[in-house]
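# Structural description and commentary
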Amino acid sequence: MKQYIKLVSLSLVLCLGACKKEFLEQTDPNAVTVDDYFKTENDILLAVNGAYQSLRSGNTVGEGSHLFTDERSDDRGRDDNQSNAGEPFQFNDFSILPANSYLRTHWSSLYQSISRTNVILSNIDKVTFNTPANKDVYAGEAKFVRALMYFELVRKWGAVPLVTEQLSTMEEVAALTFRVPEEEVYAQIVNDLKDGLNSSLPNLQSAAGVGRISKAGLNAYLGKVYLTMATTLKDNKAANLELANTHLLAAYNLRSFGQLAEIPYADVFDVTKKTSNKEVIFQIAYRQGDLNYSSGLAADNQAKGENINSLKVSTGIGANVKHDLVNDYEAGDLRKDYSVKYANDPAVKDWFITKFRDASSAAGVNGYGGNDWIMMRYADVILMLAEVNNLMGNNAQAIQYLDMVRTRAGMPAYAVASLNPAYRTKYPTLKLAILHERRVELAFEHHRWFDLLRAFTPAELVTYFKAKPQVDYGNAKLSNISTKDWYYPIPFDEVKLDPAKMYQNPGY
């Protein structure tokens, strides 16, 4: 059977194994095989662009992937437990089932993106490059996308199948359908990101390169990966913290501005400044006014009766915000007024997200917004540096980083805030103060769930959630959470392929 430029997940390929042989051997006379496709440098570039394009999907890491991240956390969710057979509600309700179709699609889509990168990397040596430096740039970009997908997989499922080559036969697929330890997955992620650092990628992308990775971005992600390893794996904590600090500092030192306070918070999300914004390190690009490539983020988040986000008329509740988050903003925090608003329509009386706006005539009444989806920015790097230094016992340095973010938000320095009894009661330790700051600074940017996993052990996470008032959490039941919810269940369709090699996570 020839392999075509049609990218499928592991599960889909394996399901084909039940088909008749003659069906599998049928070919499309108009299809282009992988062997015939990659002829020129431009063919590789187009394939790399396709790998980046896969990031746009809400089933991978695009703006619509909040179901798998923020809705798992205490920042947002949904109170409707009936729509779509109640499957989306399971994420925030901690009642998710292995047969959940949204979870299965997420898993498959992440592997589809990996498949795209593996095809590129398995064929790049066949092509003669007119500009030799482009070869390692395109390879570095493909490896970045692969690393990003595996970073999502390992944090959400733990041990997962690890595939780093183009698969052409059912036998090759079957041979690699088994879960490997988290340490091996992280080792591959680190190697891929380091290879990108050793390439000719620029330190920072120009306006023309918006949506592509840079060395600043690779360092930032390496820092986050090492920080995650230090806080979630058993071994090498001290060494991983040192490496996290090294790479986060490298990213920070590549910034093209002085102090974070030079960049107004609202400017970070201003669609008219997205190509000149010095804080953003890596984003997924969307095209304003374009039916196929625009962002729906602003319009989708808007509640009925409101027009702050978009000119598109909303008929629903928009993006549900947990009252638990609303209550976590300190008095006078300018980020609250920019990020959330109370809708006071007769049909909708609740908080909704206003952080992502495009109410321009260019976006129009159809809501074809120009919001890029920000994956990594300097406030994230700075707060990770605070987190790392706190874990290393360098509290004075950690507080300096924390205050960089608080100063821009118009908040008092940590030393002053900690004298406030209310602040001190809510955040009695520097660790909790940093976790709070990440929550309000990076709200709705799909970081919160992963921040919680770094901050707490499984048992501590359960205690943390169950201490929250149910009234501030909505219809989803806090009582449901248990230590099993540290990971998602392996999708049922994957487990049934080989229950031994694709064993289920505990508790499901």
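The structure contained in this document is the topic of the report that follows. Just so we're clear, the structure is a prediction, and the values are computed from it rather than from any experiment. (Residues numbered from 1 in each chain as written. Predicted model: local features only at pLDDT ≥ 70, side-chain atom pairs only at ≥ 80, totals over all residues. Heavy atoms only, no water.)

### Thoughts on the overall build of the chain
When you go through the chain residue by residue, the secondary structure sums to 22 helices and four strands. Taken along the three principal axes of its C-alpha coordinates, the chain extends 70 × 55 × 50 Å. When each of the 508 residues of the chain is scored for burial, the buried share is 55%. Long-range contacts, defined here as pairs at least 24 residues apart, represent 70% of the contacts in the chain between residues at least 6 apart. Roughly 20700 Å² of accessible area belongs to the chain as shown, and the carbon and sulfur atoms make up 53% of that amount. Of note, the chain has its 54 positive side-chain charges centred 2 Å away from the centre of its 59 negative side-chain charges. (Helix = DSSP H or I, 4+ residues; strand = E, 2+ residues; numbered from the N terminus. Buried < 20%, exposed > 50% of the residue type's maximum accessible area, 1.4 Å probe, protein only. Contact = heavy atoms within 4.5 Å. Areas by Shrake-Rupley, 256 points an atom, 1.4 Å probe, with all protein chains shown as cover. Lys, Arg positive; Asp, Glu negative; His and termini not counted. Charge placed at Lys NZ, Arg CZ, Asp CG, Glu CD.)

### Comments concerning the packing of helix α16 (residues 395–408) against helix α19 (residues 430–441)
It is at 11 Å that the axes of α16 and α19 come closest, and there the two elements cross at 25°. The angle between the axes of α16 and α19 places the two elements in the roughly parallel class. Along this stretch, α16 crosses α19, giving a crossing that reads as left-handed. The segment α16 lies against α19, with Asn395, Ala398, Ile399, Leu402, Val405, Arg406 and Arg408 engaging Leu430, Ala433, Ile434, Glu437 and Glu441. A class-by-class count of the residues in the contact of α16 with α19 yields seven nonpolar, one polar and four charged. (Axes fitted to C-alpha atoms, helices over the stretch in contact; angles between N-to-C directions. Parallel < 35°, antiparallel > 145°, perpendicular 65-115°, else oblique. Left-handed = near helix turned anticlockwise from the far one by under 90°. Nonpolar A, V, L, I, M, F, W, Y, C, P; charged D, E, K, R; others polar.)

### A short note on the environment of Gln397
With respect to the helices and strands, the residue Gln397 is situated in helix α16. Note: C-alpha distance between Gln397 and Gln166 (231 residues apart in sequence) is 45 Å.

### Description of the layout of surface pockets
Taken as a whole, the second largest pocket encloses approximately 520 Å³ of empty space. Lining the second largest pocket we find 27 residues, and of these His66, Arg76, Arg78, Asp300 and Gly318 sit closest to its centre. Along the lines of polarity and charge, the residues of the lining of the second largest pocket split into seven nonpolar, ten polar and ten charged. (1 Å grid on protein atoms, 1.4 Å probe; cavity = no way out; pocket = protein on both sides within 12 Å on 5 of 7 lines; lining within 4 Å. Points joined across faces, edges and corners; volume = space filled by probe spheres on them.)

### A few points about the packing of aromatic side chains
Under the definition given, this model contains 27 aromatic pairs. Their ring planes at 80° and their centres at 5.7 Å tell us that Phe91 and Tyr488 sit as a pair that is edge-to-face. Highlighted residues: Phe91 in helix α5 (residues 89–93) and Tyr488 in the loop between α21 (458–466) and α22 (492–495), separated in sequence by 397 residues. What makes Tyr488 buried here is its relative accessible area of 2%. Look at Trp107 and Tyr111: their rings are 5.3 Å apart centre to centre, the planes differ by 55°, and that puts the pair in the tilted class. (Phe/Tyr/Trp six-rings, centres within 6.5 Å; stacked < 30°, edge-to-face > 60°.)

### So, unusual backbone geometry
A positive phi angle is found at Asn236, which is not glycine, with a value near 60°. Tracing the sequence through the fold places Asn236 in the loop between α10 (215–232) and α11 (237–253). Here His446, not a glycine, exhibits a phi torsion of approximately 70°, which is positive. Tracing the backbone shows His446 in the loop between α19 and α20 (448–455).

### A short note on the pattern of salt bridges
Any two side chains of opposite charge can pair, given that their charged atoms come close. Evaluation of the coordinates by the stated rule reveals 40 salt bridges. The partner of Arg438 in a salt bridge is Asp380, with the nearest N and O atoms 2.9 Å apart. Here the residue Arg438 occupies a position in helix α19, and Asp380 occupies one in helix α15 (residues 378–391), the gap between them amounting to 58 residues. As far as the burial class goes, Arg438 and Asp380 line up, both buried. (Salt bridge = Lys/Arg side-chain N within 4 Å of Asp/Glu carboxyl O.)

### As for helix α6 (residues 101–123)
If you check α6, its first and last C-alpha atoms are 33 Å apart, about what 23 residues at 1.5 Å a residue would give, namely 33 Å. The residue sitting at the N-terminus of α6 and contributing the capping side-chain oxygen is Asn100; that oxygen lies 2.9 Å from the backbone nitrogen of Tyr102. (Expected span 1.5 Å × (residues − 1). Polar contact = N/O pair within 3.5 Å; in protein donor to acceptor, adjacent residues only side chain to side chain.)

### Description of empty space enclosed by the protein
Inspection of the entire model under this criterion finds five cavities of 30 Å³ or more. Considered as a void within the structure, the largest cavity measures approximately 190 Å³ in volume. Looking at the largest cavity, it is lined by 20 residues, and the ones nearest its centre are Glu152, Arg155, Met375, His446 and His447. For the lining of the largest cavity, the elements supplying multiple residues, two or more each, are α7 (132–157), α10, β4 (373–377) and α20. Its residues assigned to classes, the lining of the largest cavity shows eight nonpolar, five polar and seven charged.

### Some thoughts on the packing of α20 against α21
To describe two helices that pack against each other, one gives the angle between their axes and the distance between the axes. As a packed pair, α20 and α21 sit with axes 8 Å apart at the nearest point and diverge in direction by 125°. When the axis of α20 is compared with that of α21, the two are oblique. Within the contact between the two elements, α20 uses Arg448, Trp449, Leu452, Leu453 and Ala455 and α21 uses Glu460, Leu461, Tyr464 and Phe465. Its residues assigned to classes, the contact of α20 with α21 shows seven nonpolar, no polar and two charged.

### Some points on the side chain of Gln302
Along the chain, the position of Gln302 falls in the loop between α12 (297–301) and α13 (323–326). Here Ser310 takes part through its backbone nitrogen, which lies 3.1 Å from a polar atom of the side chain of Gln302. When sequence neighbours within four positions are dropped, the list of residues in contact with Gln302 reads Asn307, Ile308, Asn309, Ser310, Lys312, Ser314, Gly316, Ile317, Gly318 and Phe352.

### Structural notes on the pairing of β4
On a regular strand, one side chain projects to one face of the sheet and the next to the other, so that they alternate. Most of β4 sits out of view: five of its five residues are buried. Pairing of strand β1 (residues 280–284) with β4, which is carried by four bridges, proceeds in the antiparallel orientation. When the sheet's bridge partners are listed, Phe282 is paired in β4 with Met376. (Pairing = 2+ DSSP bridges.)

### Focus on α7
Counted at 1.5 Å a residue, the expected span for α7 with its 26 residues is 38 Å, and the 38 Å between its end C-alpha atoms agrees. Burial of α7 is extensive: 21 of the 26 residues sit out of reach of the surface. Residue Gly158 follows α7 closely and has a positive phi angle near 80°.

### Here's the deal with the side chain of Thr177
Mapped onto the elements of the fold, Thr177 is located in the loop between α8 (170–175) and α9 (182–197). We classify Thr177 as buried; its relative accessible area is 6%. Of note is the side chain of Thr177, whose polar atom sits 2.7 Å from the backbone oxygen of Val173.

Interpretation in functional terms is not warranted from these geometric data alone.
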